[in-house]
Amino acid sequence: MAARVFSGIQPTGTLHIGNYFGAIRNWAALQAQRDCVYCIVDYHAITIDVDPQALRKASRSMALDLVACGIDPDRSILFVQSAVPEHAELAWILGCVTSYGDLTRMTQFKDKSASNAFVSAGLFNYPVLQAADILLYRATGVPVGEDQVQHLELSRRIARRFNSRFGEYFPEPEPIVGKGARIMSLSDPTQKMSKSAGEAHYIGVMEDEASIQRKVRSAVTDTGLTPGEEMSPGVANLFEILELSADPDTVSALRGEFESGTLMYSRLKDAVFEHLMAVLRPIQARRAKLEAEGAIEGILTDGAKKACAIARETMADVRRMAGLA
Ligand code: TYM
């Protein structure tokens, strides 16, 4: 069996540069070497309260974003999770080989349950559904940012427990974590960049240029360091974004200035803005074109068909192994 890659993204909220550099850019690069399956995880999105109309729209919008970022529907399977209900069925079965104690130790659950008044069982079981997503396609590689590594460890544990109870079947999926796996918030660089923290914290991939410039200019840095002192988190984050978008010469020239204590942060910010826009502008233009073409429904229907074909085969095996009808 060809080594398959699987990954997913929640449709709610704006696609930000943390998602792009931490995951989506790697998703696109992997298409050259592997069979790739990419999923917009709307079942995961309903673990918290979301408006149904907004959710349906957000899933389509995320599909446009992903294709604009280079996910090629001719090479990869791109689909919306709920179009393949086998995800939910496998999640139930895997839930029966998942330890309750393991789920209580998931840091994302702890964080999210602390900030929501109503904590659903769905939110608690979220990592089981994530394991089901991956294992349904018997994927071995999962390109993600650093915040998903703990969920991936649990997915491997769940695969092992299934295999030891019902027979060797699922490969253990490994995270593929590249550069940019942890982009920090611009206004609080001690926290990761996320869509839930609020507008000032992230840069949207599709955000307009003036707004991006404003956010980069007001990014938190420090009030100046003496030469040799360690970079503050805000400056390190700006360098990280620069490294992900600019050529090595530009980065090393500015790093040299930092080391000799002559770097003006306004110059660093201008360079970040300029190089980041050179990455984002073509993506934004592709998205506008794709939206005008109106082909996204067809792409998702086709993707769901291909995903369903694989999912059905897996579920036939799993049902048989587990003694289900
Ligand atoms: P989600 O939707 O929060 O994020 C999508 C991807 O973006 C990465 N990411 C980041 N990378 C670097 N810096 C950041 N600040 C940053 N913020 C987010 C995430 O690590 C992720 O790779 N639970 C998953 C979705 C999911 C999934 C799966 C992933 C569901 N099933 C199966 C892999 C395999 C999530 O909420 O990602």
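Anything mentioned here points back to the structure above.
First, a word on scope: everything that follows refers to the structure included in this document.

Conventions used here
Residues numbered from 1 in each chain as written. Predicted model: local features only at pLDDT ≥ 70, side-chain atom pairs only at ≥ 80, totals over all residues. Heavy atoms only, no water. Core = buried A, V, L, I, M, F, W, Y, C linked by side-chain atoms within 4.5 Å. Buried < 20%, exposed > 50% of the residue type's maximum accessible area, 1.4 Å probe, protein only. Helix = DSSP H or I, 4+ residues; strand = E, 2+ residues; numbered from the N terminus. Contact = heavy atoms within 4.5 Å. Near = heavy atom within 4 Å. Polar contact = N/O pair within 3.5 Å; in protein donor to acceptor, adjacent residues only side chain to side chain. Areas by Shrake-Rupley, 256 points an atom, 1.4 Å probe, with all protein chains shown as cover. Nonpolar A, V, L, I, M, F, W, Y, C, P; charged D, E, K, R; others polar. Phe/Tyr/Trp six-rings, centres within 6.5 Å; stacked < 30°, edge-to-face > 60°. Lys NZ or Arg CZ within 6 Å of the ring centre and 35° of its normal. Pairing = 2+ DSSP bridges. Salt bridge = Lys/Arg side-chain N within 4 Å of Asp/Glu carboxyl O. Axes fitted to C-alpha atoms, helices over the stretch in contact; angles between N-to-C directions. Left-handed = near helix turned anticlockwise from the far one by under 90°.

**A closer look at the nonpolar core**
- One finds Ile17, Ile24, Leu66, Leu78, Leu242 and Leu268 to be the most contacted residues of the largest nonpolar core, which totals 58 residues.
- When residues in this core are grouped by element, the largest group, 11 residues, is from helix α12 (residues 265-293).
- In this structure Leu242 touches Val251, Leu254, Leu268, Ala271, Val272 and His275, once residues within four positions along its chain are discounted.
- By size, the runner-up hydrophobic cluster in this structure holds 42 residues, among which are Val37, Leu136, Leu152 and Val318.

**Description of the site of the ligand**
- Lining the immediate surroundings of the ligand are 27 residues, of which Tyr126, Asp133, Gly145, Asp147 and Ile183 lie closest.
- Between the ligand and Tyr126, the relevant distance is 2.7 Å, taken from a nitrogen atom to a side-chain nitrogen or oxygen of the residue.
- Between the ligand and Met193 there is a distance of 2.9 Å, counted from a nitrogen atom to a backbone nitrogen or oxygen.
- Starting from 710 Å² of accessible surface for the ligand in isolation, the protein chains cover 96%.
- Classifying every residue of the shell around the ligand gives 11 nonpolar, 12 polar and 4 charged.

**Concerning the packing of aromatic side chains**
- Taken as a whole and assessed by the stated rule, the structure comprises 10 aromatic pairs.
- With 5.4 Å between their ring centres and 50° between their planes, Tyr100 and Phe124 make a pair best called tilted. Placement of Tyr100 in helix α5 (residues 100-104) and of Phe124 in helix α7 (residues 121-136) is noted, with a sequence separation of 24 residues between them.
- Residue Tyr100 is classed as exposed on the basis of its relative accessible area, which comes to 60%.
- On the basis of an interplanar angle of 70° and a centroid distance of 4.9 Å, the ring pair of Tyr169 and Phe170 is categorised as edge-to-face.
- By relative accessible area, which is 11% here, Tyr169 ends up buried.
- Linked through ring pairs, Phe162, Phe166, Tyr169 and Phe170 together constitute an aromatic cluster.
- Taking the ring centre of Tyr202 as reference, the NZ or CZ of Lys215 above it sits at 4.8 Å.

**Observations concerning the pairing of strand β3 (residues 76-80)**
- With 5 of its 5 residues buried, β3 lies for the most part within the structure.
- Residues Ser76, Leu78 and Val80 of β3 are buried on one face, and the alternating residues Ile77 and Phe79, pointing to the opposite face, are buried as well.
- Here 5 bridges tie strand β2 (residues 35-40) to β3, and the two strands are oriented parallel to one another. Along β3, the bridge assignment pairs Ile40 with Val80.

**As for the pattern of salt bridges**
- In the structure shown here, the tally under the stated rule is 19 salt bridges.
- A salt bridge links Glu291 to Arg287, with the nearest nitrogen and oxygen atoms 3.1 Å apart. In this pair, Glu291 and Arg287 are both assigned in helix α12, 4 residues apart and thus about one turn of the helix distant.
- With relative accessibility at 48%, the residue Glu291 sits in the partly exposed group.

**Side note on the environment of Phe21**
- Within the secondary structure layout, Phe21 lies in helix α1 (residues 17-30).
- It is 23 Å that separates the C-alpha atoms of Phe21 and Ser155, two residues lying 134 residues apart in sequence.
- Apart from the residues lying within four places of it in its own chain, the contact partners of Phe21 are Asn26, Lys179, Gly180, Ile183, Leu244, Ser245 and Leu276.

**Some remarks on the packing of helix α4 (residues 86-95) against α7**
- Packing of α4 against α7 brings their axes to within 8 Å, and their N-to-C directions diverge by 115°. Crossing of α4 over α7 shows right-handed handedness. Here Glu86, His87, Leu90, Ala91, Leu94 and Gly95 of α4 come into contact with α7, specifically with Val128, Leu129, Ala131, Ala132, Asp133, Leu135 and Leu136.
- Of the residues belonging to the contact of α4 with α7, the class tally is 9 nonpolar, 2 polar and 2 charged.

Any functional reading would require information beyond the geometric quantities listed.
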